[in-house]
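# A closer look at the structure
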Amino acid sequence: MKATSTEKIIVYTVLIVLALWALFPFYWAFVNSIKVPSQIFAKSWIPIVQFKPTLHNWQIELKTPLVLKAMKNSTIVAVVSTLVALILGTMVGFALSVFNYRGAFKNVDIYIFFLTQRILAPAVVLIPLYIIMKNLHLLDTVWALIIVNITFNIPMAVVIMREMFKSIPKEIMEAALVDGASWGKIFSNVAIPLAAPGLVATSMIIFSYVWNEFLFALSFSFTKAATLPVIVAGTQQNRGIEFWYVGTRALLVMILPVIFSLLVQRYLVKGLTFGAVKE
Amino acid sequence: MKENKLMKSLFVLPSVIWILTFTIFPLIYIFYLSTHKFKFGKIRGYIGLSNYIKFFHDSTVLNAVMVTLFIIVVAIIAELTLGLFMAWLVDKPLRNIKIFRTIFSLPLFATPVAVAFLFITIYYEEGGPMNSILGLLGIHKIPWLSNPFWAKISVAIVDIWQWTPFCFIIFLAALQSIPQEMYEAAYLETKSRWRIFWGVSFPMISSTFILVIILRVMEAIKIFDIPAVLTIGGPGRATEVYSFLIYRTGLKFFNLGYASTMGVIMLIVEIPLIMIIVKSFRKVVS
């Protein structure tokens, strides 16, 4: 069905309006982050032409000990949680795609078990986990955050990696089995290399989820283990609303997951729908 | 293929044990906590169901339920409509259309806390961009964050900004899987794009549409970050969503037993949802 040129103009106009809506907050943050305070309310939108951009806000922000500490905490929590969740979830994803579980817990039951964990609202287990972490003396340590983030992200790894392994031809693994390889060897030497792109994408998705996580970070960390979202949320009470500063800090926090989301486009549908919609 | 039982369990057991320890155990523990009294964070004796009796007479609970429902209903309806519309627009053989797909997906992974933080300035009443743009259209200043009604709408709008891409991405995948021949056949009968959409496209993606509703409800119930940062539950309790109420009750006012009760009820409310999802996934995933 061919679109007429009037139709094309309408479609592009609407698309551009919607794109502006999607992009505006990013642009707003960026513009404010390179303005000096006196220019904030000047309604100027184009750097260089309308105002002289400055890196001053960024320089200050990246020298603030509180921010540096939070960046370090966020990185540690995200990297460690991602690695562990990925390893544990990938093993399950592999097993569900190649083995036949019989008896009380069949493949689909095991899958549902992990899926259910993902459905559950985190706030339900907030209080019991808080008391558990308190009793283990893990409050305000990165370990409390690492433990909960692993828990809530294992299902994501199971879902995506199961799909990845299912797309590997069975004959390849059967051949390795005939050659006398053990399942452990097949997993690490055959399946993992073949599923590497999926593994990278999954790790980026999980990393972003952990990086963005707020409820547990706010509840289980106070000063020593505070992550970037906690620092951002705390800013409001401490400094009021200073636009230049909000822009800088917001961008600093979200830049990494936003870049990751661009790199994992191909895997998003599988991950977001738990494998229910195939592309 | 040759399998052995030990190998099969070794692959799944670590994860299963992990989830049992850090999800299933807390879920059992929460029932215990909800029937006990706390003082200074320590358990001080059994109090039976009194927390539950209090729960059903508590106006703050009712408020949190209504606030949560209002925000997520408004947000989900808008996200589904807008997401479907955007997917329909992008599902066309036009030049440079891929760029729009990328742009529309951008908000999805943007840190919710940072987005909410940013929107405080966007909603700024005097000279913030939202009111400035509305001013150009001749609309009077809206008290986005200071008025109880508009504060709910503000939270919903941020949620819409963040989650429309989710609906968009899935709808687009579904639309693109419709065979081209179906459109060609329909085009012989009618030239109306409206009728082709409702006669061909929508029926073909209706199961995906239901799936997206289910997934959105599942995620939306968890809403916490945006109201916790954008409005801190206010003004008053106007945007105090359920998860935020649990957090406040348990970890701000240290009423751990009562917050556990709220958790138990949330779990019970979620069970039908979990059963719907499990039922639909049993069919799809096997």
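These numbers come from a predicted model, not from an experiment.

Calculation notes
- Residues numbered from 1 in each chain as written.
- Chains lettered and ligands numbered in written order.
- Predicted model: local features only at pLDDT ≥ 70, side-chain atom pairs only at ≥ 80, totals over all residues.
- Helix = DSSP H or I, 4+ residues; strand = E, 2+ residues; numbered from the N terminus.
- Buried ≥ 20, exposed ≤ 12 C-beta atoms within 10 Å, placed from the backbone.
- Contact = placed C-beta atoms within 7 Å.
- Nonpolar A, V, L, I, M, F, W, Y, C, P; charged D, E, K, R; others polar.
- Pairing = 2+ DSSP bridges.
- Bend = angle between axes of the 7 residues up to and from the residue.
- Domains from an automatic or database assignment.
- Core = buried A, V, L, I, M, F, W, Y, C linked by C-beta atoms within 7 Å.
- pLDDT = per-residue confidence, 0-100.
- Axes fitted to C-alpha atoms, helices over the stretch in contact; angles between N-to-C directions.
- Parallel < 35°, antiparallel > 145°, perpendicular 65-115°, else oblique.
- Left-handed = near helix turned anticlockwise from the far one by under 90°.

## Points about the overall build of chain B
Per the secondary structure count, chain B includes 12 helices and 2 strands. Along chain B, helices and strands appear, N-terminal first, in the series α-β-β-α-α-α-α-α-α-α-α-α-α-α. When the backbone C-alpha atoms are referred to their principal axes, chain B occupies close to 75 × 70 × 30 Å. Split into buried and exposed, the 286 residues of chain B put 41% on the buried side. In chain B, once contacts between residues fewer than 6 apart in sequence are set aside, the share between residues at least 24 apart is 69%.

## Description of the interface of chain A and chain B
Listed as interface residues are 84 residues of chain A and, on the opposing side, 85 residues of chain B. For the side of chain A that touches chain B, the element with the most residues is helix α1 (residues 5-33) of chain A, which contributes 11 residues. Split by residue class, the side of chain A that touches chain B holds 67 nonpolar, 12 polar and 5 charged.

## A word on the pairing of strand β1 (residues 36-39) of chain B
Residues and elements named next belong to chain B. Two elements, β1 and strand β2 (residues 42-46), share 3 bridges in a ladder whose sense is antiparallel. Across the sheet, the residue bridging to His36 is Tyr46, located in β2. The turn joining β1 and β2, which pair antiparallel and follow one another in sequence, is formed by 2 residues; a positive phi near 50° is taken by Phe40.

## Quick word on helix α1 (residues 5-34) of chain B
If you look at α1(B), its biggest bend is around 40°, right at Val12(B), and the proline Pro14(B) turns up within four residues after that. Among all positions in α1(B), only Phe11(B), Val12(B), Ser15(B), Ile19(B), Phe22(B), Thr23(B), Pro26(B), Ile30(B), Leu33(B) and Ser34(B) are buried.

## A closer look at the environment of Thr227(A)
Residues and elements named next belong to chain A. In this fold, Thr227 is placed in the loop between α10 (215-220) and α11 (228-239). Residues Thr227 and Asn73, spaced 154 residues apart in sequence, show a C-alpha to C-alpha distance of 5.5 Å. Not counting chain neighbours up to four residues away, the residues in contact with Thr227 comprise Ala70, Asn73, Ser74, Val77, Leu145, Ala217 and Ser221.

## Notes on the domain arrangement of chain A
All names here are of chain A. Here chain A is partitioned into domain 1 (5-54) and domain 2 (65-272). Each of domain 1 and domain 2 has a C-alpha centre, and the two are 33 Å apart. Facing the 8 residues of domain 1 at the interface are 7 residues of domain 2. Residues that form the side of domain 1 that touches domain 2 fall into these classes: 5 nonpolar, 2 polar and 1 charged.

## Here we look at the nonpolar core
Membership of the largest hydrophobic core comes to 181 residues, with the highest contact counts inside it found for Leu145(A), Ala250(A), Ala114(B), Phe117(B), Leu118(B), Ile170(B) and Phe171(B). Top element by residues in this core is helix α7 (residues 148-176) of chain B. It accounts for 18 residues. Residues within four places of Leu118(B) in sequence aside, it is in contact with Pro25(A), Trp28(A), Ala29(A), Val246(A) and Ala250(A).

## Comments concerning the confidence of the model for chain B
Residues at a pLDDT of 70 or more form 98% of chain B, whose mean pLDDT is 89. This complex was scored by the predictor with a pTM of 0.91 and an ipTM of 0.90.

## Topic: unusual backbone geometry
Residues and elements named next belong to chain B. With omega at 0°, the peptide bond leading from Gly234 into Pro235 counts as cis. Along the chain, Pro235 falls in the loop between α10 (225-230) and α11 (242-252). The backbone of Asn96 sits at a positive phi, close to 60°, despite the residue not being glycine. The topology assignment puts Asn96 in the loop between α3 (59-90) and α4 (97-105). For Asn96, a count of 8 C-beta atoms within 10 Å translates into the label exposed.

## Remarks on the packing of α11(B) against helix α12 (residues 256-284) of chain B
All names here are of chain B. Two elements in contact, α11 and α12, have axes whose closest approach is 7 Å; the angle formed by their N-to-C orientations is 160°. For the element pair α11 / α12, the angle class is roughly antiparallel. Considering how the two elements wind past one another, α11 and α12 form a crossing that is left-handed. Where α11 abuts α12, its residues Tyr242, Leu245, Ile246, Thr249 and Gly250 lie against Leu256, Tyr258, Ala259, Met262, Gly263 and Met266. For the contact of α11 with α12, the residue count by class is 8 nonpolar, 3 polar and no charged.

## Regarding the packing of helix α13 (residues 265-272) of chain A against α7(B)
Each pair of packed helices can be described by the angle between their axes along with the distance between the axes. Where α13(A) contacts α7(B), the axes come no closer than 10 Å and their chain directions differ by 95°. Judged on the interaxial angle alone, α7(B) and α13(A) are roughly perpendicular. Of the residues in α7(B), those in contact with Leu268(A), Val269(A) and Leu272(A) of α13(A) are Phe166(B), Ile169(B), Ile170(B) and Ala173(B). Taken together, the residues of the contact of α13(A) with α7(B) break down into 7 nonpolar, no polar and no charged.

## Describing the domain arrangement of chain B
A common way to express how large an interface is: the accessible area buried when the components associate. All names here are of chain B. In terms of domains, chain B is made up of domain 1 (5-50) and domain 2 (59-284). Taking the mean C-alpha position of each, domain 1 and domain 2 sit 31 Å from one another. Residue-level contacts link 9 residues of domain 1 with 8 residues of domain 2. For the side of domain 1 that touches domain 2, the elements supplying multiple residues, two or more each, are α1 and β1.

## Here we look at the confidence of the model for chain A
Overall, the predicted model of chain A reaches an average pLDDT of 87, with 91% of residues at or above 70. Model confidence for chain A, summarised as mean pLDDT per element, is weakest for α11(A) at 77 and strongest for α10(A) at 95.

## A word on the environment of Ser208(A)
The residue Ser208(A) is located in helix α9 (residues 196-212) in this model. According to the C-beta neighbour criterion, Ser208(A) is buried, with 24 such atoms within 10 Å. C-alpha separation for the pair Ser208(A) and Leu256(A), spaced 48 residues apart in sequence, amounts to 7.7 Å. For Ser208(A), the contacting residues outside a window of four places in its chain are Pro257(A), Phe260(A), Ser261(A) and Phe109(B).

## Regarding the environment of Asn147(B)
Residues and elements named next belong to chain B. Along the chain, Asn147 falls in the loop between α6 (129-136) and α7. For Asn147, a count of 15 C-beta atoms within 10 Å translates into the label partly exposed. Taking the C-alpha atoms as reference points, Asn147 and Ala238, 91 residues apart in sequence, are found 8.5 Å from one another.

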